[in-house]
Amino acid sequence: MLKLNRRIAAIKPSATLAADARATEMKLAGIDVISLAAGEPDFDTPEHIKKAADKALAAGQTKYTAVGGTAALKNAIKLKLKRDNNLDYEPPEIIASAGCKQAEANVINALFDEGDEVIIPTPAWVSFAAMVSLSGAEPKFVPCSEESGFMLEPEALRRAITTRTRGIMLNSPSNPTGAVYGPEQLTAIARVLVDTDIWVMSDDVYEHIAYGEFAPHLFHIEPRLKSHGIVFNSLSKTYAMTGWRIGFAAGPKEAIAAAGRLQSQNSGNPNSITQAAAIEALTGPQDALKPMLEAFRERNALVVERVRRIPGFRLPNIPQGAFYAFPNVSELLGSRFGDKQITDGDTLAAFILDEAHVSLVGGNDFGAPEHVRLSYATSVKNLNEAFDRIERAVAKLKR
Ligand SMILES: Cc1ncc(COP(=O)(O)O)c(C=O)c1O
């Protein structure tokens, strides 16, 4: 067996990307697969953002830039953090990376070490635990119950903290549950964390895809968290820019500088043309956001209604943000079709892909094996067709 680095050997490929890759393979083989697995908006990047990239290319902005992003991009991020989140950050407290994922991986690697624990409330996005493990630290999972709407309860958080706890990763709106923390819940969590030296990391990538009342940022609610807090965000979801690869982190300058040193050795600056497009996205007109949000809102209502009609699917919460539903499918566990037995969310997703040609992601890698994740970043027509197919496939299962 090939001997690999011990930490890399323990890493599995991202379950969401793997599900998407399998669906793509089937499509290439001529099978009409509908993907409800994608973690990306189905919209095109707004025209004015693409134009800014064209302009940068024509102007020859094709050279290396400062590792953590150009001064102009950092200023655009500073403006965004003030405008959207009412948070004050200066350029040395900001780093731009090739996607939020890279910003998170770099900051996590810079801050944590062997022997440290990082709290991850679950269900959680599949990459958080892998990124923490790669740093040498241990993910400490804190389950959030369906009854709480998949929200971290302050008491559970308090109980999970040990002398080894060095960080916590929060994500609202949540991938995969669509849960969104309100001001009271954020205040209660802040109260537990404020007098600790635990790094409080806030992944805000779905902030603009939220269907309810606007919730202030955790670090605005409790500004004292900023001295040990990191904001992570991305242009991927907000501006339909997943392929461009641009995201950022903001936090105390020593932490950001350490992540920058890692980025300088590992990868260097994010793409120069993308940076120019990102400046336009962050500082230009914001009117493309509203129609995208309204489309997601319409699909959200449809998905809630259709999921509830599938026998064996139970939706514990109405997603309030992001573009995912996370039904509980425990009633179907133990059922079979031919030689296929449904033992968890992953096997159900595989069955649905084979029988219905609809790709979902099983809940196992999100820390919730009795669930499946459905993304509604696709048209209403596709959604209706996908649900018709899922209903027919599930009806074949013998309990
Ligand atoms: C919660 C969460 N954080 C971060 C990311 C990564 O975003 P980016 O495309 O900016 O790397 C994703 C993508 O699915 C996500 O769901």
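Residues numbered from 1 in each chain as written. Predicted model: local features only at pLDDT ≥ 70, side-chain atom pairs only at ≥ 80, totals over all residues. Heavy atoms only, no water.

### Here's the deal with the domain arrangement of the protein
The test is simple: Domain extents, as shown, originate in an automatic or database domain assignment. Whether two residues touch is decided by their heavy atoms; if any such pair falls within 4.5 Å, the residues are in contact. Here the quantity called buried area is the accessible surface, traced with a 1.4 Å probe, that two parts lose on coming together, added over both. Here, a salt bridge means any Lys or Arg side-chain nitrogen found within 4 Å of an Asp or Glu carboxyl oxygen. Counted as a polar contact is a pair of N or O atoms within 3.5 Å, where, for protein atoms, one must be capable of donating a hydrogen and the other of accepting one, and residues adjacent in sequence contribute only when both atoms are in side chains. Each helix is a run of H or I in the DSSP string that is no shorter than four residues. Each strand is a run of E no shorter than two, and both are numbered from the N terminus. Charged means Asp, Glu, Lys or Arg here, nonpolar means Ala, Val, Leu, Ile, Met, Phe, Trp, Tyr, Cys or Pro, and polar covers whatever is left, Gly included.
When the domains of the protein are assigned, the result is domain 1 (6–44 + 289–395) and domain 2 (62–283). Put simply, the middle of domain 1 and the middle of domain 2, counted by C-alpha atoms, are 26 Å apart. Listed per partner, the contact involves 38 residues of domain 1 and 35 residues of domain 2. By the criterion of area lost to domain 2, the three top residues of domain 1 are R7, Q320 and F366, representing 21% of everything that side buries. For the interface between domain 1 and domain 2, the tally reads two salt bridges. For R314, the salt bridge is made with E146, and the minimal N-O distance between the two is 3.0 Å. There are 18 residue pairs in polar contact (both at pLDDT 80 or more) connecting domain 1 and domain 2. For the side of domain 1 that touches domain 2, the secondary-structure elements that each account for two or more residues are α1 (6–9), α2 (15–28), α12 (289–309) and β9 (324–325). Here the side of domain 1 that touches domain 2 gets six residues from one element, more than from any other, and that element is α12. Split into classes, the residues belonging to the side of domain 1 that touches domain 2 amount to 20 nonpolar, 10 polar and eight charged.

### Considering the site of the ligand
As a reminder, the rule being used: We call a residue near a molecule or strand whenever a single non-hydrogen atom of that residue lies within 4 Å of it.
Taken together, the neighbourhood of the ligand is formed by 14 residues, with C100, D203, S234, S236 and K237 sitting nearest. In this structure, C100 approaches the ligand through a main-chain N or O atom, which is 2.7 Å from an oxygen atom. One of the side-chain nitrogen or oxygen atoms of K237 is found 2.7 Å away from an oxygen atom of the ligand. At three residues, the largest contribution of residues to the shell around the ligand is made by helix α5 (residues 100–111). Across the shell around the ligand, the residue classes tally to four nonpolar, five polar and five charged.

### So, the environment of E146
Along the chain, E146 turns up in the loop between β4 (138–143) and α7 (154–160). The sequence separation of E146 and N300 amounts to 154 residues, and the corresponding C-alpha distance is 19 Å. With residues up to four places along the chain from it excluded, the contact list for E146 reads R314, P316, N328 and H371. A polar contact of 3.0 Å, which involves the side chain of E146, links it to the side chain of R314. Here the side chain of E146 touches H371 through a polar contact of 3.2 Å, side chain to side chain.

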